[in-house]
Amino acid sequence: MIDTSRTSLRAGHGLHDLLKTPSVEIPARVGLRRAVLEAASELTNGSNENGESTQPKASSSKTPSINAKVTDYLVGSQLDEALASGQDIVVFWPFAEGDISDWTQAEALWKHVLFSQLQLRRVLMESPVLLSIQAGLSRDAHERLCQIFFERFNVAGFAILERPMAQFYAAIAGNDLSGVVVDIGQDYTDITPILDGFIVQRARESLPYGISHCERYLAYLLRSSPGVMNALFPPSGEPITPEAQESTLVELAHHIWQEGLVKVLAEGEAADIEEEGITDIAAVLVAGKEKAVIESGMKKRQNAKATAAEQARAREIEAMDLVTVEFRGLSLTLGKERHRFCEPLFDPTLLTNIPGAYKDTMMPLASAVGHAVSKVEVDNRQYVWQGLLVTGDITNKIKGLGTALQARLQPFILSAADQANDVQPRSIRVIKVPDYFAEYRDKGDGLASFLGLSIVAKLVFTDSSGKNFVSKADYVESGPKVILDMSPALL
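Not measured: the values here are computed from a predicted model.

What counts, and where the lines are drawn
Residues numbered from 1 in each chain as written. Predicted model: local features only at pLDDT ≥ 70, side-chain atom pairs only at ≥ 80, totals over all residues. Heavy atoms only, no water. Helix = DSSP H or I, 4+ residues; strand = E, 2+ residues; numbered from the N terminus. Expected span 1.5 Å × (residues − 1). Buried < 20%, exposed > 50% of the residue type's maximum accessible area, 1.4 Å probe, protein only. Contact = heavy atoms within 4.5 Å. Pairing = 2+ DSSP bridges. Core = buried A, V, L, I, M, F, W, Y, C linked by side-chain atoms within 4.5 Å. Salt bridge = Lys/Arg side-chain N within 4 Å of Asp/Glu carboxyl O. Axes fitted to C-alpha atoms, helices over the stretch in contact; angles between N-to-C directions. Parallel < 35°, antiparallel > 145°, perpendicular 65-115°, else oblique. Left-handed = near helix turned anticlockwise from the far one by under 90°. Nonpolar A, V, L, I, M, F, W, Y, C, P; charged D, E, K, R; others polar.

A. Region of the structure containing helix α4 (residues 139–152). In this model α4 runs 19 Å from its N-terminal to its C-terminal C-alpha over 14 residues, within 8% of the 20 Å that 1.5 Å per residue would give. Looking at α4, one finds that the buried residues are A141, H142, L145, C146, I148, F149 and F150. In this fold, the buried residues of α4 make contact with β1 (2–4), α3 (103–117), β6 (129–133), β7 (157–162), β15 (470–471) and α18 (472–478). A positive backbone phi angle near 60° is found at N154, which sits one or two residues after α4.

Given below as structure tokens:
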């Protein structure tokens, strides 16, 4: 199974009774040494020369083709080591725009996963492959995928499943095959309505913001914290450029949510925190020391009860919601402002003060989901609202995003009982990966795509009819077009 998202590849080998998490995970990026690029490319002046690896700014489908070979590209640890050593490397993200912008780069990534990471052998390739890919690719693209995997990788069988369907299959309960998948990625958020097991292609939406915008927003908020700024950039220290400051703060913001220190705020709760402002650093230091003293005293007394004054002050400190995070050898104390991390998803206008972050086309997430569902036939919308799945890497660390979005979607639901009719949606149901998948329990819904892929692989490749995947014999007889009739993505 190979799960291909805009910014990462996850893979695993083998069908197990207990469905396992992916054994391979790499960024969906490739690198090309600039000397090789200049010799092999047809890039014109003004093309992308960004060698940065921190953000997935991909060569888009409009970028001129590069006449490089698969073996010219650096992938995985090779690329990581080359970038770490300061080599002049140009980085490309071939899936970042939701399509496949360069087929050679895509082939280099899949080849690395199959033969370097999973340790399969091309000559003795006995494993069929189920590939997940972004929704909406053309039939020509499906045929080309089929051709690459049979002719370049010598797979024993091949099938394609669109990622939103894989994500949805991981979370559905019973026979409910309608819903809407919200996939929050690094730079994009994809919204995909599903009706009776089929993607409603005309209703898909893609929003130009994601996790990276939330990180930049939190970094912007942290600039107003004297404690954080003085600790990271001491006034007596060496001068630092604004760009380096921004990079450090974004890295800190990334570290904060990866540590699970962020919660999703209820609607209106963010305004309360904004009125409080950034927690005063003096109060933070005093409260932090008092908290340690109180906890130490209570431990010493063990079973003895704390005094009323201690209990009252402990509750006051707890209300400040302080945490201490270790970052670059420093201990930083943060307050409630960290919980505003997800705000740009629900109100993108908050990004207007951040250079280059805001675009006029940005729509609040709740409005965009409502707009996508509104493109479904009116009498079917009530069924789509019964399967709201919020997924993406962010859901592995930040719980409650589905519930928070559900609350903000209430304007799209009938509220007056006297106006009820047979087609008006009356409720929204949030779904998630069930707890009975033991390997995925407590891991959030970010791995839903790989779990759904594993479930489908178990059904498809053990089906004696063989109608849901392409065998080598089928490919020899009919060629790449056979994928259009024999794949779970295109039934």
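B. Layout of the sheet that holds β1. With mixed pairing, 6 strands are arranged side by side in an open sheet as β3-β2-β1-β6-β7-β15. What marks the edges here is a single partner per strand, and that holds for β3 (24–27) and β15. In terms of strand pairing, β1 meets β6 through 2 bridges, oriented parallel. Within β6, the position partnered with D3 by the bridge is S132.

C. Main features of helix α13 (residues 365–374). In terms of residue burial, α13 counts as a mostly covered element, since 7 of its 10 residues are buried. For α13, the full list of buried residues reads L365, A366, A368, V369, G370, A372 and V373. As for α13, its buried residues are in contact with β8 (179–184), β9 (189–195), β11 (205–207), α12 (343–346), α14 (381–384) and α16 (401–408).

D. Inspection of the pairing of strand β12 (residues 323–327) at higher detail. With burial as the criterion, only one face of β12 is covered, namely that bearing V323, V325 and F327; the residues T324 and E326 on the opposite face remain uncovered. Across 5 bridges, the pairing between β12 and strand β13 (residues 330–334) is antiparallel. Directly across from T324, in β13, lies its bridge partner T333. Linkage of β12 to β13, two consecutive antiparallel strands, is achieved through a turn of 2 residues, within which R328 is found at a positive phi near 55°.

E. Region of the structure containing the nonpolar core. F341, C342, L365, V369, L401 and L405 are the most contacted members of the largest nonpolar core, which totals 60 residues. The contact partners of V369, leaving out residues within four places of it in the chain, are V180, V182, I191, W385, L405 and L409.

F. Spotlight on the pattern of salt bridges. Within this structure, the stated rule accounts for 16 salt bridges. Here D3 makes a salt bridge to R163, at a shortest N to O gap of 2.8 Å. Here D3 is found in strand β1, whereas its partner R163 is found in helix α5 (residues 163–169), with 160 residues between them in sequence. Overall, the relative accessible area of 2% leaves D3 in the buried class. A relative accessible area of 5% means that R163 is categorised as buried. If you follow the salt bridges from partner to partner, you end up with D3, R163 and D183 in one network.

G. Representation of the environment of K69 within the structure. By the secondary structure assignment, K69 is in the loop between α1 (34–40) and α2 (77–84). A sequence separation of 35 residues divides K69 from T104, and the C-alpha atoms of the two residues are 6.9 Å apart.

H. Layout of the packing of α3 against α4. Closest axis-to-axis distance for the α3/α4 pair is 12 Å, and the angle between their directions is 45°. Judged by the inter-axis angle, α3 sits oblique to α4. Between α3 and α4 the crossing geometry is right-handed. Along the contact surface, α3 presents W103, E107, W110 and L114, while α4 presents A141, R144, L145, I148, F149 and R152. Tallied by class, residues from the contact of α3 with α4 come to 7 nonpolar, no polar and 3 charged.

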